[in-house]
Each structure stands twice: as structure tokens, then as C-alpha cells.
Amino acid sequence: MKRDVLSNVHSDKLFEQVYDYLLERIRRGEWKAHEKLPSIRVLAAEFEVHRLTVFKAYQLLKQNRKVYVKDKSGYYVQPGSTLSPAAQQDPIVSAYVHESCLSEIHQVEAVYQFSKALMDPNLLPNRYFSEYVKKVFDIYPKVLGTYSTTQGDTELRETLCQYFADRHHFDLTKDEVLITSGSQEAIDLIARVLVKPRDTVLLERPTYSPAIDVFRRQGANIVPIDIYPYGYNLNQVEELMQKYKPRLFYLNPTFQNPTGYTVPAEQRKRIVDLAAQYQCLLVEDDPCPDIFFGEEPPPPFFAYDTAGCTIYIRSFSKYIAPGLSIAMVACRPSIMTYLVKAKSLSDSGTPLLNQKIFLHYFFSERMQQHLEKLRTALAVRKEIMEDELSATGWQWNSPAGGFNLWIKLPESTPMESLLGKSIEQSITFVPGSICDPRREMNSRIRMSYSYLNEVQLREGLQRFVSLFRQLSSGES
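Residues numbered from 1 in each chain as written. Predicted model: local features only at pLDDT ≥ 70, side-chain atom pairs only at ≥ 80, totals over all residues. Heavy atoms only, no water.

A.B. asks: Quick question: what am I supposed to make of the overall build of the protein chain here?
C.D. replies: A tally of helices and strands in the protein chain yields 17 helices and 15 strands. A globule of 476 residues ought to have a C-alpha radius of gyration of about 23 Å, and the protein chain, at 24 Å, matches this closely. Along the first, second and third principal axes, the C-alpha atoms of the protein chain reach 75 × 50 × 45 Å. Counting over 476 residues, the protein chain shows a buried share of 57%. Of the contacts made within the protein chain by residues no fewer than 6 positions apart, 73% connect residues no fewer than 24 positions apart. Total accessible area on the protein chain is roughly 21,000 Å²; 48% of this is exposed by carbon and sulfur atoms. Seen as two clouds, the 56 positive and the 56 negative side-chain charges of the protein chain have centres 5 Å apart. (Helix = DSSP H or I, 4+ residues; strand = E, 2+ residues; numbered from the N terminus. Rg over C-alpha atoms; globule rule 2.2 N^0.38 Å. Buried < 20%, exposed > 50% of the residue type's maximum accessible area, 1.4 Å probe, protein only. Contact = heavy atoms within 4.5 Å. Areas by Shrake-Rupley, 256 points an atom, 1.4 Å probe, with all protein chains shown as cover. Lys, Arg positive; Asp, Glu negative; His and termini not counted. Charge placed at Lys NZ, Arg CZ, Asp CG, Glu CD.)

Below, the structure is given as C-alpha cells:
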């Protein structure tokens, strides 16, 4: 067995690649509980690595309680480290164990989908939307007969510039705006253009799971920065920027996914200054700033940036029209040129029809008024979720906006079993570990209150709490 067996794992550090490989084999049951593992000398020879590399991998397995040591005998599999046969057959549980992307969970067809941070389709003005689709064909009768430009429809980009100038005083021109098919395409473009193997990327911990996958795929050295209800520890931010000279810092500072935390204005200003000082690009992902339950959140980082160090991603998919999948990227021309070139290699531009429909739908007076109704509806759903979970003893910080609760379950929670049993009961949620760049946070889950109606919310939460109590009490 050669070193190339490690080439498909995510980590840039060789000992962590060995760790990932061994952990996968343990969880698949190739080594059983209390079974002795190969010696450091044998594995080092098989992988063609230094013995110290294997030793560090074993130490990490021991630290994470996946193996234990017998004096002068070697390493053995810790009981409970392998998946049950049933779980091994479940592709969703298997995907969770192997740190797969969020899309695996989203593909599950379930009655109670607490994993989807999307708006309940019934809350959107669907009849009004259909009227605008007809209107677009009247205004642009040849809209289906042409492509958009790669950078995006000029009319839409000009309207967005005016919108953000009025709302946040952005100094922005149409040439500094790119239209993408959702925020994930934007993140992917930015990563492909700006991040090379072994570049350091700062990520919030926890963070949006697909962003972790995208930057790992680029071979980035991912360095986590903790996010708290009050924002960041600015000393930690500066220390890490100074130490690692990161290429970029990906952040989601407004109703953060998954935590719901919002970074205050004074921290935003300071981080923009630090980014300029240490030449670190800020990639600001802003998917739901309109969904606030009290005061409007602070302006984006981009509003405080005079040095051109912020790339602003604004998605409109989650609460306006998921079927259109419209997002925008705003940045200075020196970066925009390369983003447009990268997009031209993957498509001929975001569909023009989608852009024109969005243009007339989102900026209409009626849709802007409807946003208040959406805020009210989601505030009610958040209260329902918190009410149903109030007697559990679980912990969370009540968010001031957004779609999610970031919930802390007891440390002893059997997360793999909970995920598998929940799916059997047609319930989905997001395990916290896939939102963690370190793949820890095993007692955390993200539950979204936005996608289900009020009756489904109560039913699903009651079923989930009942299932949790059965597992915790040892009932089958």
C-alpha cells in the first residue's frame, strides 16, 4: 500500500490524512471493538511515511477516544467507534460519518425537514410571482432567444447598484457586480480564482458546511476562528492574521449559518481595518439580512471598506425565490476581472430569464412590503420551535433573525444513532460536526424553523424530542 491511498482525504497535513484513513476503516468495521491495530512500524512502511507521522495519527485517534493503548502491546479499537450494521447500510448516516457535504442530507425525502434553511413555499406570494413571469415575457418577448452576458444582465446590475447605494451607501458600479446562480457558485468561483493549494483560509467555527468542502477541495490550509454570540475575539482574529498571513477570511456575520449570531458594527469596522493591514481578503456571505425580528442588522462589511479588501456575496435565493437561484458578487475590478473569466469557463452566464423575473419581482413595491410579512411569519415559527424545546434542557441562543437554532444536546448524545433513527421517522436535521472545520461539535445540531408550517413544526418537534428521549433511555 502506497502513500497515494491518502490522496482522496481532505486534510493538507499528512498525519491527519493517515488519521482520516484509519478512522474510516474503523467506522466501517474493518477492525472490531478491542481488536489490535497494525503497529506503527507496519503502517509507516505501508504508507511510505515516517513513523512519527503514524504515531501522531494514533495519538489523535486516542485523544478522540477511537482507540486505546495497552502498555507494551499497542493500539486497540475503542468500543463504540464502529457503526452498527444498520447504520453502515444507511447512505445518509454513512455520509455524515465520512464528513460528506450538506447536500447528502438535503436529498433525503422527509415529512419533517428541519435541515432545510429555506422559506416555506406557502409563505411566498406565488400568485403574484406568476403574474410577474407573464409580465416579463410582455416586456422582453425575445428573452428566451438569447444568453445573458457572463457578468450578468446590465439592467439588473445597475438596479442592484442603486439599491445598495440607497440602503447601505455602497460605492459600487455595474462593472463591480457579477450575477451568479446562487451563493454556492459564488463561493466556488472565488475559491477557484483566489485559493491555491496550501494557501491559508480563515473560516468561522462553526460555519456554512459547503464552504468547508469548497476550500478543502482547493487544498487550502483551513484555520478556524471561533464565533460567539457577541461576535469574534478580535485578539484571536489579529493573532491568526499576523501568524498565518491568510489569503482570505470567509465569514457570514449576519444571522450566521448555523448559529444565528450577528457580528456588531464596531467589530465589522475593526476587522475591515485588520484585513487591510494584513492584506487578507474578506469574503462576506450575506444570505438573509432582510429576515430580522427586531432591529435591522448592521450594514455589511463592504459598507465600511475603503481599501477594496472585501468581496460581498448577497444571495436572494432562500427567502425571495429559491427556484430562480439568484445571487450577486460585489468586489473591485482587480478581482472581478478574474471572477468573470472563471465563470465564462463554466457557463455562458446566469439564465437571463431568471434575472429579468427577479429584477421585476424583487424590486416591486408589493414584494418589498411582503418582506414584513415574512419576518412576522418566521418570528412566530421560531417561537414555536423554542416553545416545543423549552422542556428538554437543551441549550441555544435565541437568534435575532435568520432561519436556524444552533442547539447543544447533552455530550453523551449518540449522534449517529439519532441521525439514523430520525431519518427512519421521516425527520431530518444538520449534525453540528459537518459545520465544524475541525469536525468536532458532536453534541450540536442545526434545526431550521423556516421550511415547515406551524402544525408540521409542532408535530415534527414532538416526534423528535420523543425519539431523543427513547434513545437516551436506552429504548430500542
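A.B. asks: Honestly, the pairing of strand S1 (residues 67-70) in this entry has me stumped. Any pointers?
C.D. replies: The side chains of a regular strand alternate, residue by residue, between the two faces of the sheet. Judged from the four bridges that link them, S1 and strand S2 (residues 74-77) form a sheet pairing that is antiparallel. Note on S2: the bridge partner recorded for Val69 is Tyr75. Connecting S1 to the next strand, S2, in antiparallel fashion are three residues, including Lys72 with a positive phi near 60°. (Pairing = 2+ DSSP bridges.)

A.B. asks: What should I look at first to understand the pattern of salt bridges in this one?
C.D. replies: A pair can form between side chains of opposite charge whenever their charged atoms are brought close. Taken as a whole and judged by the stated rule, the model has 23 salt bridges. Two residues, Asp387 and Arg458, come together in a salt bridge whose shortest N-O distance is 3.4 Å. In this pair, Asp387 sits in helix H15 (residues 365-389) while Arg458 sits in helix H17 (residues 454-472), placing the two residues 71 residues apart along the sequence. The residue Lys408 makes a salt bridge to Glu411 at a minimum N-O spacing of 2.8 Å. Accessibility expressed as a relative area gives 62% for Glu411, which makes it exposed. Through salt bridges that share partners, Arg167, Asp290, Glu296 and Arg314 make up one connected network. (Salt bridge = Lys/Arg side-chain N within 4 Å of Asp/Glu carboxyl O.)

A.B. asks: What should I look at first to understand the sheet that holds strand S6 (residues 221-228) in this one?
C.D. replies: Two modes of strand pairing occur in sheets, parallel and antiparallel, and in both the strands are linked by backbone hydrogen bonds. Ordered in space as S4-S11-S10-S9-S8-S5-S6-S7, the eight strands form an open sheet in which the pairing is mixed. Of all strands in the sheet, those with a lone pairing partner are strand S4 (177-180) and strand S7 (231-232), marking the two edges. Note that strand S9 (residues 281-286) and strand S10 (residues 310-315) share five bridges and pair parallel. Considered in S10, the bridge of Asp285 is made with Ile313. Contacts from helix H11 (residues 234-244) reach strand S5 (200-205), S6, S7, strand S8 (248-251) and S9, with the element oriented near 170° to S6. Packed onto the sheet, helix H12 (residues 265-278) meets S7, S9 and S10 and runs at close to 145° relative to S9. (Axes fitted to C-alpha atoms, helices over the stretch in contact; angles between N-to-C directions.)

A.B. asks: Help me understand the pairing of S10, please; the structure alone is not making it clear to me.
C.D. replies: Across the six residues of S10, six count as buried, placing the element largely inside the fold. Here S10 shows a buried face lined by Thr310, Tyr312 and Arg314 and a second buried face lined by Ile311, Ile313 and Ser315. Bridging between S10 and strand S11 (residues 327-330) involves four bridges; their strand directions are antiparallel. If you follow Ser315 over to S11, its bridge partner there is Ala327.

A.B. asks: Honestly, helix H2 (residues 40-47) in this entry has me stumped. Any pointers?
C.D. replies: Residue pairs three or four apart in sequence face the same way in an α-helix, which turns once every 3.6 residues. For H2, the full list of buried residues reads Ile40, Leu43, Ala44 and Phe47. Down the axis of H2, the buried side of the element spans an arc of 100°, and every buried residue falls inside it. In H2, the exposed residues that point more than 90 degrees away from the buried face are Arg41 and Ala45. Against helix H1 (14-27), helix H3 (51-63) and S2 lie the buried residues of H2. Once H2 finishes, Glu48 follows within two positions and takes phi at roughly 60°, a positive value. (Arc of directions from axis to C-beta.)

A.B. asks: When you look at the nonpolar core in this model, what are you seeing that I'm missing?
C.D. replies: Generally speaking, nonpolar side chains in soluble globular proteins are found buried as a group. Counting 45 residues, the largest nonpolar core has Met119, Phe316, Tyr319, Ile320 and Met328 as the members making the most contacts within it. Counting only elements with at least two residues in this core, the list comes to helix H7 (126-139), helix H8 (154-168), S4, S11, helix H14 (352-362) and H15. If one sorts the elements of this core by residue count, H14 sits on top with seven residues. Ignoring any residue separated from it by four or fewer positions in sequence, one finds Ile320 in contact with Leu124, Phe358, Tyr361, Phe362, Met367 and Leu371. Residues Leu178, Leu194, Ala211 and Ile311 belong to the second largest nonpolar core, which totals 31 residues. (Core = buried A, V, L, I, M, F, W, Y, C linked by side-chain atoms within 4.5 Å.)

A.B. asks: For this particular structure, what's the right way to read the packing of H11 against H12?
C.D. replies: Each pair of packed helices can be summarised by the angle the axes make with each other and by the distance between the axes. At a closest axis distance of 10 Å, the pairing of H11 and H12 adopts a crossing angle of 10°. Between H11 and H12, the crossing angle belongs to the class labelled roughly parallel. Considering how the two elements wind past one another, H11 and H12 form a crossing that is right-handed. Along its contact with H11, which presents Leu234, Val237, Glu238, Met241 and Gln242, the element H12 presents Gln267, Arg270, Ile271, Leu274, Ala275, Gln277 and Tyr278. Considering only residue class, the contact of H11 with H12 consists of seven nonpolar, three polar and two charged. (Parallel < 35°, antiparallel > 145°, perpendicular 65-115°, else oblique. Left-handed = near helix turned anticlockwise from the far one by under 90°. Nonpolar A, V, L, I, M, F, W, Y, C, P; charged D, E, K, R; others polar.)

A.B. asks: For this particular structure, what's the right way to read the packing of aromatic side chains?
C.D. replies: Between two aromatic rings, the relevant description is the distance of the centres plus the angle of the planes. Enumeration over the complete set of coordinates arrives at 25 aromatic pairs. Where Tyr128 meets Tyr132, the ring centres are 5.0 Å apart and the plane angle is 75°; that geometry is what we call edge-to-face. Of the two residues, Tyr128 and Tyr132 are both situated in helix H7; the distance of four residues between them amounts to about one turn of the helix. Like Tyr128, the residue Tyr132 is buried in the burial classification. Geometrically, the ring pair formed by Phe358 and Phe362 is stacked, given 5.3 Å between the ring centres and 10° between the ring planes. Taken together, the residues Phe358 and Phe362, both in helix H14 and four residues apart, mark about one turn of the helix. Taken together, the ring pairs in this structure connect Tyr163, Phe164, Phe170, Phe302, Tyr312, Phe316, Phe358, Phe362 and Phe363 into an aromatic cluster. A cation over an aromatic ring shows up here: Arg375 above the ring of Phe292, its NZ or CZ 4.3 Å from the ring centre. (Phe/Tyr/Trp six-rings, centres within 6.5 Å; stacked < 30°, edge-to-face > 60°. Lys NZ or Arg CZ within 6 Å of the ring centre and 35° of its normal.)

All we've got here are geometric facts, nothing functional implied.
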